[in-house]
Amino acid sequence: MSRVVQWWLAAAIRLLPQRRRDLDEGMLAEAASVPPGRARGAWLAGGMWFVARQVLVYRCAYWLALCGAAALVTALKWVGTSDDAAQVVMAGLLAVAAELGWAVPRRAWLSALVIGSVLAVTAMIQIALGVDGASVPKPGGMAGAGNLFALLIPAAAGAYLGRGLRRSLRRAR
Amino acid sequence: MVFKRNSSPQTRAVLEDLLASPGGWRHGYDIARRTGLASGTLYPILGRLSDGGLLETRWEDDPPEGRPRRHLYRLTAEGAALAATVAEQAAAGRRTRVRESRRGRPAVEGA
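So, here is what we can say about the structure in this document.

**So, the environment of Leu93 of chain A**
All names here are of chain A. Residue position: Leu93 is located in helix H4 (residues 85–103). In sequence terms Leu93 and Val73 are 20 residues apart; their C-alpha atoms lie 5.9 Å from each other. Excluding anything up to four places from it in sequence, Leu93 contacts Val73, Ile115, Leu151, Pro154 and Ala155.

**Topic: the pairing of strand S3 (residues 71–75) of chain B**
All names here are of chain B. For S3, a buried count of four out of five residues is recorded, marking the element as mostly surrounded by other parts of the structure. Bridge count for strand S1 (residues 26–27) against S3 is two bridges, and the pairing is antiparallel. Bridging from a neighbouring strand, His27 pairs with Leu72 of S3. Relative to S3, strand S2 (residues 55–59) runs antiparallel, the two sharing five bridges. When the bridges of S3 are listed, Glu56 appears paired with Arg74.

**Some points on the packing of helix H3 (residues 38–79) of chain A against helix H3 (residues 39–51) of chain B**
It is at 7 Å that the axes of H3 of chain A and H3 of chain B come closest, and there the two elements cross at 45°. The pairing of H3 of chain A with H3 of chain B is recorded here as oblique in orientation. On the side of H3 of chain A, the interface is formed by Ala42, Trp43, Gly46, Gly47, Trp49, Phe50 and Arg53 of chain A, while H3 of chain B contributes Ser39, Gly40, Tyr43 and Pro44 of chain B. Per-class residue counts for the contact of H3 of chain A with H3 of chain B are six nonpolar, four polar and one charged.

What counts and what doesn't
- Residues numbered from 1 in each chain as written.
- Chains lettered and ligands numbered in written order.
- Predicted model: local features only at pLDDT ≥ 70, side-chain atom pairs only at ≥ 80, totals over all residues.
- Heavy atoms only, no water.
- Helix = DSSP H or I, 4+ residues; strand = E, 2+ residues; numbered from the N terminus.
- Contact = heavy atoms within 4.5 Å.
- Buried < 20%, exposed > 50% of the residue type's maximum accessible area, 1.4 Å probe, protein only.
- Pairing = 2+ DSSP bridges.
- Axes fitted to C-alpha atoms, helices over the stretch in contact; angles between N-to-C directions.
- Parallel < 35°, antiparallel > 145°, perpendicular 65-115°, else oblique.
- Nonpolar A, V, L, I, M, F, W, Y, C, P; charged D, E, K, R; others polar.

Next comes the structure, spelled out in structure tokens:
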């Protein structure tokens, strides 16, 4: 059992960025010094928790946040029926793009691309599937949905604004 | 600064333990044994201290046959100064509690 856990840990540690690996590999190496049995099991269990959290943070957090942000923008557009729904969607889009640009500056381009195109893509999918809703542009059909790709511009502005703020703050420190 | 006045008792315990052997390199299991912390608690603390420049790390040079190289830790000058402050604060807190309990007052105000 402990060998399986050690193999799992070694594999999971390889998913981490190089600069974070030493601590985890040190923890795994220490397992050899822990008395076999319950103590070693507890040590490895704690190690699994530690490594899993880091893998989540370093490998999955951005993607989960990106999916969440895209879902939020889509939901805002989906439920918005009031006169100022477009402004609300635009504000939400700018806010999430800026937040993602701030959080992961080196992927600002990807954040802008996904957030900026999510409404166009979902509208196109809806039209293709024949699903009606507030998020389908009327009139216009596919061409109208394609026009929503213009949202790439504010999304890029938001993401790069977030990235710029983060970098200038870092430089100021 | 990674350490705040309201840092966890576990972080304080690690700092105080590392201060007990100033300049000496320590390994994770030794720190865990002396502080009673689980690996899942200890290593995030070591990571934060290291990120904050309070801890320096290196790999063991010549491990004995049959045992993997250990990752070693010791306080930096900044870390040692901070750990000394923490230890002093903890000692002052203990003295206050002892004084108050001798006077027959509750150790915790409002208790």
